[in-house]
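A closer look at the structure
If you want the building blocks of each chain, they are given just below.
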Amino acid sequence: QVQLVESGGGSVQAGGRLRLSCAASGRPFSSYDVGWFRQAPGKEREFVAVINWTGGRTFYGDSVKGRFTISRDNAKNTVYLQMTGLKPEDTALYYCAARPRSIGMGQSAADFNSWGQGTQVTVSS
């Protein structure tokens, strides 16, 4: 498995932006697809975005499409989540997760076998 550490969370006002980072270690990072998930208090974990191992394919959850952008730099073993147009409903603990590279772009958390500890994002109105 690969070890993951998220950073970049914080508190912003509605309409603001943040960039989250997910730094990986332990295995060749380029062999993994990476996803972002989030969980708000009292709610189920929600899929946010996924990027394939080459960075050539991405997929987004409906609630963030057009506002968030996932990207990766395999030379730096890092995946990013650029968040713009933030809304109070984006407030959550954000996790990155990795799975061995696959053909599909599935969004199920069960497909990912390495998880970070999460970084908190709080958006005030």
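Residues numbered from 1 in each chain as written. Predicted model: local features only at pLDDT ≥ 70, side-chain atom pairs only at ≥ 80, totals over all residues. Heavy atoms only, no water.

1. Observations concerning the pairing of strand S9 (residues 92-100)
Heads up, the rule is: Burial status follows relative accessibility: with a 1.4 Å probe on protein chains alone, a residue under 20% of its type maximum counts as buried, one over 50% as exposed, and anything between as partly exposed. Per the convention used, a helix needs a DSSP run of H or I reaching at least four residues, while a strand needs a run of E reaching at least two, with both numbered from the N terminus. For two strands to pair, DSSP has to find at least two bridges joining them.
Counting buried positions along S9 yields seven of nine residues, so the element is predominantly enclosed. Two elements, strand S4 (residues 32-39) and S9, share eight bridges in a ladder whose sense is antiparallel. Within the sheet, the bridge partner assigned to Gln39 lies in S9 and is Leu93. Sheet analysis places S9 next to strand S11 (residues 119-124), joined by three bridges and oriented antiparallel. Looking at the pairing, Tyr94 lines up with Thr119 of S11. In the sheet, S9 pairs with strand S10 (residues 114-115) via two bridges, with the strands oriented antiparallel. Across the sheet, residue Ala97 finds its bridge partner in S10, namely Trp115.

2. So, the packing of aromatic side chains
This is how it is decided: Ring pairs shown here join Phe, Tyr and Trp side chains whose ring centres sit within 6.5 Å, with only the six-membered ring taken for Trp; geometry is labelled stacked below 30 degrees between planes, edge-to-face above 60, and tilted in between.
Evaluation of the coordinates by the stated rule reveals six aromatic pairs. Ring geometry for Phe37 versus Phe112: centroids 5.3 Å apart, planes at 80 degrees, classification edge-to-face. On the criterion of sequence distance, the pair formed by Phe37 in strand S4 and Phe112 in the loop between S9 and S10 is long-range, its members being 75 residues apart. Pair check on accessibility: Phe37 and Phe112 agree, each one buried. Seen from their ring centres, Phe37 and Trp115 are 5.1 Å apart, and the 50 degrees between their planes marks the pair as tilted. Highlighted residues: Phe37 in strand S4 and Trp115 in strand S10, separated in sequence by 78 residues. Taking the relative accessible area as the measure of exposure, Phe37 reaches 2% and is therefore buried.

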